[in-house]
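Working through the structure, step by step
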Amino acid sequence: MTTKRLFDNTEVAFQLKSDLELERAYFLFKMISHQPLVRIGTAATNFALKAHLPVEGLIRSTVFDHFCGGVNEDDCINVIDKMYTKGVCSVLDFSVEGKEEEQSFDDAMQKIVKIINFSDEKEAMPIVVFKPTGFGRFHLYQKKGEGKPFSDEETQEWNRVVARFNTVCKLAKEKDVEILIDAEESWMQDAADDLCEDMMRLYNKDIPIVYNTLQLYRCGRLEYLKQLHERAKRDGFKIGLKIVRGAYMEKERERAEDKGYESPICVTKEATDINFNETLDYILKNLNEISLFIGTHNEESCYLAMELMNKLNISKSDNRVWFGQLYGMSDHISFNLAANGYNVAKYVPFGPVKDVMPYLIRRAEENTSVAGQTSRELNLLKQERNRRKL
C-alpha cells in the first residue's frame, strides 16, 4: 500500500468497533452532516438539560459515548486499555468548560494532579492536558494580556493561577509526564502564552515537559514561534508545542467585526493550510530544540509530516514527534498511523454529561463547518459497513 493510500484502510481504522458501535458512528455522522439538524439538536439538548428533562441517558448512549471516554477517569480505563492494544495512547481531557469560581479552579487543578499520578502508572497515558481557563478566569487572562493594571485582589487571584500552573508542571516534570496546555480565544491568549513560556523556562531545561499550543488559523503564529525559538536558544530551554488549526473561528470573526478590528484569522482555508504546513516544516527541521505534537484531522498534513520525517531521517517512534486526534473522530488516521509505527495519542474527553455538553456541541458544530470532514468519515464508515456486509 502506498503511503498516500495509508488512511483508506478501514479494517485497521475500525478494528476496535463492534458492528453496533460502527452503526452508531454511521448514524451520528449522518446526523452531523446536516447543519440545520445540528442547530436544532443543539438548541433542543440545551433546553432539555436546563429544564432538567431526563435526557442524560439518551445523550450518554449516543453522542457522549461516541466522543467521550466516560464521566470520570476510572470510567475511561476500558477505552484507554482497548486503544493501547493497537498502539494508540490516550490523553485524558477533563472537558468541563466555562467555570468561574476559585473552588472550580482548585478542583480542576486537583483533577489534573490526579491524572498526572494516574498517567505515571499507565504506559498508555504518557501525556496530560489542561485548558488555561480551567485554572483561572477568562477575564483575568484578557486583562493581563492587554496590560491593564490589576487591583490588589486581582493580583492575588493571578498569583493563584500561576501557582496552579506551577503545581501541575512541577509534578509533570517529577513524573516525566508531558503536559499540553491548550490554546483558547486570541484575546486571552497573550497572557496564556507568556505563562506557558515561563513554565518552559522552569521545567524544560533538558527535555520538553511543558507544551504550549499554536493555533495556525491565526496570522502571525509562525513569527511568534521563531521569536520564541530565539529566546529559548538564548535562555537555554527547550520548546514543546502542539500545533492545531483552531476551534474558535466563527467566534473570532464575529468579535473582530463587532469591535471593528482586523480579524486575526487567516482569510482563506488555503492560507491556514500553508501556515500549518510551514510551521510543521520549521519545527521538524529544529527538532533538537522543539518537540512536536501534531494535533490534526487533516490527512494531507499527516502525509506531509510523514514525508518530512522520512526525508530528515527522523525515526517514526522518535518521542519528540506525536500525532494526535480526538476520540470518536478520524480513526482512519490514528489507527493506521499507529499500525505503521508512529507515536499516536487520542484526546479522550471525560466529565459529567451535563458539564461536557459545551464541548460536544462545539465538536458537532466544528464538524459541520469543516468542509469534507464529515463526508470523509461517512464514506469510510460506509466502506467498512460494506466490507463487513452489514
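Structural data are supplied above this passage.
In this report, we go over the structure that sits alongside the text.

1. Brief notes about the overall build of the chain
A tally of helices and strands in the chain yields 16 helices and 8 strands. The C-alpha atoms of the chain give a radius of gyration of 20 Å, which matches the 21 Å a tight globule of 390 residues would have. Projected onto the principal axes, the alpha-carbon positions of the chain cover approximately 65 × 55 × 45 Å. A burial count over the chain gives 54% of its 390 residues as buried. Of the contacts formed within the chain by residues at least 6 apart in sequence, a portion of 78% connects residues at least 24 apart.

2. Comments concerning the nonpolar core
Of all hydrophobic cores here, the largest spans 85 residues; its most connected members are Val168, Ile179 and Phe323. For this core, the leading source of residues is helix H9 (residues 186-203), giving 9 residues. Core analysis: the next-biggest nonpolar cluster, separate from the first, contains 35 residues, Leu22, Val129, Leu326 and Leu378 among them.

3. Observations regarding the packing of aromatic side chains
This model, assessed by the stated rule, comprises 11 aromatic pairs. Considering the side-chain rings of phenylalanine 150 and tryptophan 158, the 6.3 Å spacing of their centres and the 50 degrees angle between planes classify their relative orientation as tilted. Here phenylalanine 150 and tryptophan 158 have matching classes, each one buried. An aromatic cluster of three or more residues is present, and its members are Phe130, Phe135 and Phe165. Sitting over the face of the ring of phenylalanine 94, lysine 111 holds its NZ or CZ atom 5.2 Å from the ring centroid. The lysine or arginine in question, arginine 221, covers the ring of tyrosine 224, its NZ or CZ lying 4.5 Å from the ring centre.

4. Digging into the packing of helix H8 (residues 152-175) against H9
Packed helix pairs are characterised by how far apart their axes lie and by the angle those axes make with each other. Where H8 meets H9, the closest approach of the two axes is 10 Å, and the angle between their N-to-C directions is 40 degrees. What the angle tells us is that H8 and H9 run oblique. Relative to H9, H8 is oriented so that their crossing is right-handed. Each of Trp158, Val161, Val162, Phe165, Asn166, Cys169, Lys170 and Lys173 in H8 lies in contact with H9, whose residues at this interface are Ala191, Leu195, Met199, Leu202 and Tyr203. Looking at side-chain class alone, the contact of H8 with H9 contains 10 nonpolar, 1 polar and 2 charged residues.

5. Describing the pattern of salt bridges
Under the criterion given, the structure shown has 36 salt bridges. Among the salt bridges present, the one from aspartate 65 reaches arginine 60, with a minimum N-O distance of 3.1 Å. Using a relative accessible area of 27% as the deciding quantity, one classes aspartate 65 as partly exposed. We classify arginine 60 as partly exposed; its relative accessible area is 28%.

Cut-offs used in this document
- Residues numbered from 1 in each chain as written.
- Predicted model: local features only at pLDDT ≥ 70, side-chain atom pairs only at ≥ 80, totals over all residues.
- Heavy atoms only, no water.
- Helix = DSSP H or I, 4+ residues; strand = E, 2+ residues; numbered from the N terminus.
- Rg over C-alpha atoms; globule rule 2.2 N^0.38 Å.
- Buried < 20%, exposed > 50% of the residue type's maximum accessible area, 1.4 Å probe, protein only.
- Contact = heavy atoms within 4.5 Å.
- Core = buried A, V, L, I, M, F, W, Y, C linked by side-chain atoms within 4.5 Å.
- Phe/Tyr/Trp six-rings, centres within 6.5 Å; stacked < 30°, edge-to-face > 60°.
- Lys NZ or Arg CZ within 6 Å of the ring centre and 35° of its normal.
- Axes fitted to C-alpha atoms, helices over the stretch in contact; angles between N-to-C directions.
- Parallel < 35°, antiparallel > 145°, perpendicular 65-115°, else oblique.
- Left-handed = near helix turned anticlockwise from the far one by under 90°.
- Nonpolar A, V, L, I, M, F, W, Y, C, P; charged D, E, K, R; others polar.
- Salt bridge = Lys/Arg side-chain N within 4 Å of Asp/Glu carboxyl O.

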